[in-house]
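Letter by letter, the chains look like this.
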Amino acid sequence: MSKFYITTPIYYPSGNPHIGHCYTTVACDSIARYKRMQGYDVMFLTGTDEHGQKIEEKAKEKGVTPKEYVDEIVETFKKLWSYMNISYDRYIRTTDDYHVEAVQKIFKELYDRGYIYKGEYKGKYCTPCESFWTESQLDENGCCPECHREVKEASEEAYFFKMSPFADRIEKLLTETDYLQPKTRATELVNNFIKPGLEDLCVSRTSFTWGIPVTFDTKHVVYVWVDALSNYITALGYENEAYNDYDKFWPADVHMVAKDIMRFHAIIWPAMLMALDLPLPKHLAVHGWITFNGQKMSKSLGNVVDPFILGERYGADAIRYHILREMALGADSSFSNEIMINRINSDLANGLGNLVSRTVAMVDKYFGGTLPSERESGEFDDELKNAALALRERVDGFIDQTQINNALAEIFKVISHANKYIDETAPWVLGKDEGKRARLAAVLYNLLEAIRISTTLLSCFMPTTMPRIWEQIGAKESDISYENAARWNVLPQEATVHRGEIIFPRIDVDKEIDELNKIIGNSKKDEPKEDDGFEPMPLAEQITIDDFEKLDLRVALVKECEKVKRSKKLLCLQLDDGMGGRQVVSGISEWYKPEDLIGKKVIIVANLKPVKLCGVESNGMICAADTAEGGASVIFPDQSLPCGTKIR
Ligand code: ME8
């Protein structure tokens, strides 16, 4: 049997988990479930990263030991995963004895091989990120380039890991293989870290004790990232006796992480594995952040949405569905209660829920709950059947590329198709005509089959509610399988349904937002209110349609993006405009980082005369809205529009 190994990052138990942690975990869980359904022998690993100065300080503030501190939070993580129906196969804690021993052996091995040496570290240290930075890596305010908080001067005797011997291999890994998903991120890594010369990494600390001691020099503890990254192999039994799965599962098929920790997984982790002479993981899937009011949702920023509260109100599956559907690989996704509730209403209540309840109610009404075996096929049947039968292959493709939002979009296309089929075939008209009973039975049977296929695939993403639908459509356990998801006529000809409760009740948006705001403590609705004091700019002079026609607005994809040197305001973007590509310079650097834009489609004024800005040529302009605060908000069109699409 083929194997499949997928991992989430191991999370810092420095505060309770939030919806951002849920995204990676639910995404990995859905892929793990899908692979299991396909027949793979799956290992799905998650866990907690429990060492480091940050934890030591938090424990001190609370007056408990670091271990007591993490034990309590780890319980909350585990409770949340059980609540969200996360089917992990193994949970690693970096305080587990076997991991500690294995990391000590890994560190010693790297030392014995000559890749780790002793030196002195002087630099800028960011405590929340546990990262040392060089001067050139700091942001424009001299702060941490990752979290933008203050860094402090630090110096200590330390061990270093030689990175430079691996620079060429890592560059090739990022640019010539499909390790990185999406690959568009390779440029920023190569330009920011590899091209300037890979600096040796400081891999031990003496300024605190909550870490794994270096066995041959015990005043040092192992740098928390070396400790943490090793989890992906120690959890399989590498250099320890606790497990025996290394040979079977390594290399990993997918490490999934958000962009904030891409560098560690795209550069440092491969370098460690190369130094140990171990095979490299196959894919690193990097997703964006779930943002809240434009900022990354994070414990330290205090803008966390509590998944327990949301789950209790709408059910874990609705939350799973919403976050999976919203996040496109590579881009950020902004969290809004209002968008979530609207999506639950439109896709789950009106789309799927309605399809199931209408179908089951009609089988009940017209046939007393059991279909007769006579059938008469007719117009529209083949389209529905073909769409449902082609679905599995499409979903397979998107899962292999970790594009879960697209996989879900495909499933919901079939669900919409089935709802449209009800309108096209008008069963309520057939039901009035005794002579059309065989046709009516065929229509309802086709609907049951389309529901069976789509919910079978959907069950990997929404594992709790789908069995309730199967009960209603009378599907047996054996009807639900990967094989049967590409077969028709699986339900018995005389299918029997069982009417049940409404699976996804419609939510009253306004009432619910008010309730939520009371609970979560947001005083405002997500949308800015009309009386926010916003004054629109005076209207410009009138133009004719011919004037407007002179403007050529197009959709373009940001392939590469970097800051223009010597400028605080300018970004230089390489665009795919569907016409051979172009370079555009835009004054939005204060509000957007290159990684916020790479992989996204934007709207450009495509026929502007070229100009030079700070010596860099610009061929066009990125369209953005003026924000009330005097900033710019880039206009992102429908991301499925092809590059070069004209906008009128
Ligand atoms: O970085 N949106 O742990 P961490 C989307 N211990 N995903 C988010 C998110 C958000 N707002 N916030 C967190 C660490 N995540 C290290 C990892 S791995 C060897 C060590 C998710 O608790 C996302 O997957 O800060 C991100 O990569 C991870 O949580 C970081 O979690």
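For the structure itself, consult the block above.
Residues numbered from 1 in each chain as written. Predicted model: local features only at pLDDT ≥ 70, side-chain atom pairs only at ≥ 80, totals over all residues. Heavy atoms only, no water.

Before going further, it helps to spend a moment on the overall build of the chain. Regarding its fold elements, the chain presents 21 helices and 25 strands. In terms of overall dimensions, the chain has a C-alpha envelope of 90 × 75 × 50 Å along the principal axes. Looking at the chain residue by residue over its 648 residues, the buried ones come to 56%. Within the chain, counting contacts between residues at least 6 apart in sequence, those at least 24 apart form 75% of the total. For the chain, the exposed area adds up to about 28,800 Å²; of that, 48% sits on carbon and sulfur atoms. Side-chain charges of the chain comprise 78 positive and 99 negative groups, with the mean position of each set lying 2 Å from the other. (Helix = DSSP H or I, 4+ residues; strand = E, 2+ residues; numbered from the N terminus. Buried < 20%, exposed > 50% of the residue type's maximum accessible area, 1.4 Å probe, protein only. Contact = heavy atoms within 4.5 Å. Areas by Shrake-Rupley, 256 points an atom, 1.4 Å probe, with all protein chains shown as cover. Lys, Arg positive; Asp, Glu negative; His and termini not counted. Charge placed at Lys NZ, Arg CZ, Asp CG, Glu CD.)

In this section: the site of the ligand. The ligand sits among 25 residues. The nearest are I10, Y12, T24, D49 and I290. Here a nitrogen atom of the ligand sits 2.7 Å away from a polar atom, N or O, in the main chain of I290. For the ligand, whose accessible area on its own is 670 Å², the fraction buried by protein is 96%. Those elements that provide at least two residues to the shell around the ligand are strand 1 (3-11), helix 1 (19-37), helix 7 (224-229), helix 8 (231-234) and strand 11 (254-258). Class assignment of the residues belonging to the shell around the ligand gives a composition of 14 nonpolar, eight polar and three charged. (Near = heavy atom within 4 Å. Polar contact = N/O pair within 3.5 Å; in protein donor to acceptor, adjacent residues only side chain to side chain. Nonpolar A, V, L, I, M, F, W, Y, C, P; charged D, E, K, R; others polar.)

With 18 residues, helix 3 (residues 66-83) should cover 26 Å at 1.5 Å per step; its first-to-last C-alpha distance of 26 Å lies within 8% of that length. Next to the buried residues of helix 3 lie strand 1, helix 1, strand 2 (41-48), helix 2 (53-62), strand 3 (90-93) and helix 11 (307-314). (Expected span 1.5 Å × (residues − 1).)

Attention now goes to the nonpolar core. If you look at the biggest cluster of nonpolar residues, it comprises 108 residues, and the most contacted ones within it are L310, Y314, L352, L458 and F461. When residues of this core are assigned to their parent elements, the largest contribution, 13 residues, is made by helix 13 (residues 337-367). Contact partners of L310, with chain neighbours within four places excluded, come to I19, V305, G315, I319, F335, N337, M340 and L516. Ranked by size, the runner-up nonpolar core spans 66 residues in total, among them I10, I106, L174 and I212. (Core = buried A, V, L, I, M, F, W, Y, C linked by side-chain atoms within 4.5 Å.)

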